[in-house]
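# Residue-level structural notes
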Amino acid sequence: MEPFANHFDYRHIVDDHNNNRHSNPSIEGTWITIRLAVRVFAFLLAITEVNVFFAFRYFAWKEKKEQPTLHEFRRAFALALIHN
């Protein structure tokens, strides 16, 4: 019975992740290209971005009362990647 319970408890996780990945301004939506390698890189970068946001939210910002929104985190993350 546990596999069925887990399915019904966690079936929304992928949808929530995709919604966060595609929220504006998304990497995949703003980086227009026809090259497959760049599209795959943008997809992997977008997945990594949302995973890092969720990891920070769970591990680093757990006790903080004011957590940054995904948009604020996305901006700070992009600037950190640019100025690295």
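None of the values given here were measured: they were computed from a predicted structure.

## Looking at the packing of helix α2 (residues 13-22) against helix α4 (residues 36-60)
Interhelical geometry of α2 versus α4 gives an angle of 110 degrees and a closest axis separation of 9 Å. With respect to each other, α2 and α4 are oriented roughly perpendicular. The handedness of the crossing between α2 and α4 comes out as right-handed. Together, His-17, Asn-20 and Arg-21 of α2 and Phe-43, Ala-46, Ile-47, Val-50, Asn-51 and Phe-54 of α4 make up the contact between the two elements. Grouping the amino acids of the contact of α2 with α4 by side-chain chemistry returns five nonpolar, three polar and one charged.

## Things to note about the environment of Ile-13
On the secondary structure map, Ile-13 appears in helix α2. In this structure the C-alpha to C-alpha distance between Ile-13 and Ile-32, which are 19 residues apart in sequence, comes to 27 Å.

## Some points on the pattern of salt bridges
Scanning the model with the defined rule gives one salt bridge in all. In this structure, Glu-49 and Arg-74 form a salt bridge, with 2.9 Å as the shortest nitrogen-oxygen distance. Residue Glu-49 is located in helix α4, and its partner Arg-74 is located in helix α5 (residues 70-82); the two are separated by 25 residues in the primary sequence. A single burial state applies to Glu-49 and to Arg-74, both of which are buried.

Rules and cut-offs
Residues numbered from 1 in each chain as written. Predicted model: local features only at pLDDT ≥ 70, side-chain atom pairs only at ≥ 80, totals over all residues. Heavy atoms only, no water. Axes fitted to C-alpha atoms, helices over the stretch in contact; angles between N-to-C directions. Helix = DSSP H or I, 4+ residues; strand = E, 2+ residues; numbered from the N terminus. Parallel < 35°, antiparallel > 145°, perpendicular 65-115°, else oblique. Left-handed = near helix turned anticlockwise from the far one by under 90°. Contact = heavy atoms within 4.5 Å. Nonpolar A, V, L, I, M, F, W, Y, C, P; charged D, E, K, R; others polar. Salt bridge = Lys/Arg side-chain N within 4 Å of Asp/Glu carboxyl O. Buried < 20%, exposed > 50% of the residue type's maximum accessible area, 1.4 Å probe, protein only.

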